[in-house]
Amino acid sequence: MVCGGFTCSKNALCSLNVVYMLVGLLLIGVAAWGKGFGLVSSIHIIGGVIAVGVFLLLIAIVGLIGAIHHHQVMLFFYMVILFIVFLFQFGVSCSCLAMNRGQQEVLLKSAWGMLDNKIKTDLESQLNCCGLLNVTDSTVADVQQFNKDLQNCTAPCTKKGECVTCGEIMLNHATEALKILGGVGLFFSFTEILGVWLAVRYRNQKDPRANPSAFL
């Protein structure tokens, strides 16, 4: 049996879908880890990565079942949806890699301003930090808000008198999470084109164990 045969194509497609399932779980896990650090969840791109991970996991299951049973309809929808996932994942991955620290700070400031004091104090206690960001180019309103947050802060670090800002902690984790998500997502988005090609090829091949007069 040469590698271009039915069995080889089937095994290759099954293996590729198992890899997609692992990648989907990896994307979900890393994005959930990123969302676990407070305001990182306000970055909608990470939410988009979780959606891609869940969708990739589901379509990989469909592709695996379709490959095992050589199901024509499932393979057709698998090809179409996988190509759509490729376009979406490619765009989200590029956005993750392109987002710089300044853009992240803008999103964090916007989200921080919408939180009430109780949520802020809970977040500060969880991360052991006080305030969002204390930068020199802040506006008067930002400085006033930062000083107010410092007064209301009840984090354990206040007892020692040495507290880092919550923004620094969250930005460090957000930057790390975005790099991992963007790199992994971009690399494996190109393998989805390989998956589409394999599915097209495998779908048009004849199962040697099937009835010779059956519809291909």
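- Taking an unreviewed UniProt entry as the reference, the protein is identified by name as Tetraspanin 31 belonging to Amphiprion ocellaris.
- Entered under Sequence similarities (unreviewed entry) in the UniProt record, the comment concerning the protein runs "Belongs to the tetraspanin (TM4SF) family."

Observations concerning the UniProt feature "transmembrane region" (unreviewed entry) in the protein
Line of reasoning, step 1. In this structure's numbering, the residues bearing the UniProt feature "transmembrane region" (unreviewed entry) are residues 12–33, 45–68, 75–100 and 180–200.
Line of reasoning, step 2. In residues 12–33, the share of helix is 100% and the share of strand is 0%. The end C-alpha atoms are 31 Å apart.
Line of reasoning, step 3. Between the C-alpha atoms that bound residues 75–100 there is a distance of 39 Å. The span itself is 92% helix and 0% strand.

A word on unusual backbone geometry
For residues that are not glycine, phi is negative in most cases, and the peptide bond is trans in most cases.
Line of reasoning, step 1. Located in the positive-phi region is histidine 70, a residue other than glycine, with phi close to 55 degrees.
Line of reasoning, step 2. You can see histidine 70 is positioned in the loop between helix H2 (44–69) and helix H3 (72–98).
Line of reasoning, step 3. For histidine 70, a relative accessible area of 15% gives the class buried.

Observations concerning the packing of H3 against helix H7 (residues 166–203)
Line of reasoning, step 1. It is the contact of H3 with H7, at a shortest axis distance of 8 Å, that shows an interaxial angle of 155 degrees. The pairing of H3 with H7 is recorded here as roughly antiparallel in orientation. Relative to H7, the crossing made by H3 is left-handed.
Line of reasoning, step 2. Residues of the contact of H3 with H7, tallied by class, amount to 22 nonpolar, eight polar and three charged.

With respect to a nonpolar patch on the surface
Line of reasoning, step 1. The grouping of Val73, Phe76, Phe77, Val80 and Ile84 at the surface amounts to a nonpolar patch, some 450 Å² of accessible area in total.
Line of reasoning, step 2. Looking at the element boundaries, valine 73 is found in helix H3.

Focus: the packing of aromatic side chains
Line of reasoning, step 1. For the structure on display, the rule yields five aromatic pairs.
Line of reasoning, step 2. When the ring of phenylalanine 76 is compared with that of phenylalanine 77, the centres are 5.6 Å apart and the planes differ by 75 degrees; the resulting orientation is edge-to-face.
Line of reasoning, step 3. Its relative accessible area of 47% is what places phenylalanine 77 among the partly exposed residues.
Line of reasoning, step 4. Taken together, the ring pairs in this structure connect Phe83, Phe86, Phe90 and Phe190 into an aromatic cluster.

Notes on the confidence of the model for the protein
Line of reasoning, step 1. When pLDDT is averaged along the protein, the result is 78; 85% of the residues meet or exceed 70.
Line of reasoning, step 2. Across the protein, element-level confidence peaks in H3 with a mean pLDDT of 86 and bottoms out in helix H6 (residues 140–152) with 77.
Line of reasoning, step 3. Here residues 38–42 scores under 50 on pLDDT; set against residues more than four positions off or in separate chains, the count is 18 contacts.

Topic: the environment of valine 23
Line of reasoning, step 1. Looking at the secondary structure, you find valine 23 in helix H1 (residues 6–35).
Line of reasoning, step 2. Along the primary structure valine 23 and valine 184 are separated by 161 residues, whereas in three dimensions their C-alpha atoms are 8.1 Å apart.
Line of reasoning, step 3. Setting aside anything within four residues of it in sequence, one finds valine 23 in contact with Leu56, Val184 and Phe188.

Some thoughts on the state of the cysteines
Here, disulfide denotes a covalent bond that connects the sulfur atoms of two cysteines.
Line of reasoning, step 1. Tallied over the full model, the rule gives three disulfides.
Line of reasoning, step 2. A disulfide bridge connects cysteine 129 with cysteine 166, and the sulfur atoms are separated by 1.9 Å. Here the S-S torsion is close to 95 degrees, and the disulfide linking cysteine 129 with cysteine 166 is therefore right-handed. Within this pair, whereas cysteine 129 is found in the loop between helix H5 (117–127) and H6, its partner cysteine 166 is found in helix H7, the two being separated by 37 residues in sequence. The pair formed by cysteine 129 and cysteine 166 is uniform in burial state, with each residue classed as buried.
Line of reasoning, step 3. The side chain of cysteine 157 participates in a disulfide bridge whose partner is cysteine 163; the two sulfur atoms lie 2.0 Å from each other. The disulfide joining cysteine 157 to cysteine 163 has a torsion of about 110 degrees about its S-S bond and is therefore right-handed.
Line of reasoning, step 4. The buried category is assigned to cysteine 157, whose relative accessible area is 4%.
Line of reasoning, step 5. Cysteine pairing for the protein, with bonded cysteines counted in sequence order: 1-6, 2-3, 4-5.

Parameters and conventions
- Residues numbered from 1 in each chain as written.
- Predicted model: local features only at pLDDT ≥ 70, side-chain atom pairs only at ≥ 80, totals over all residues.
- Heavy atoms only, no water.
- UniProt positions renumbered as here; feature names shortened; annotations may be inferred.
- Helix = DSSP H or I, 4+ residues; strand = E, 2+ residues; numbered from the N terminus.
- Buried < 20%, exposed > 50% of the residue type's maximum accessible area, 1.4 Å probe, protein only.
- Axes fitted to C-alpha atoms, helices over the stretch in contact; angles between N-to-C directions.
- Parallel < 35°, antiparallel > 145°, perpendicular 65-115°, else oblique.
- Left-handed = near helix turned anticlockwise from the far one by under 90°.
- Nonpolar A, V, L, I, M, F, W, Y, C, P; charged D, E, K, R; others polar.
- Patch = residues over 30% accessible without salt bridge, like charges linked within 9 Å, V, L, I, M, F, W, Y side chains within 5 Å.
- Areas by Shrake-Rupley, 256 points an atom, 1.4 Å probe, with all protein chains shown as cover.
- Salt bridge = Lys/Arg side-chain N within 4 Å of Asp/Glu carboxyl O.
- Phe/Tyr/Trp six-rings, centres within 6.5 Å; stacked < 30°, edge-to-face > 60°.
- pLDDT = per-residue confidence, 0-100.
- Contact = heavy atoms within 4.5 Å.
- Disulfide = S-S within 2.5 Å.

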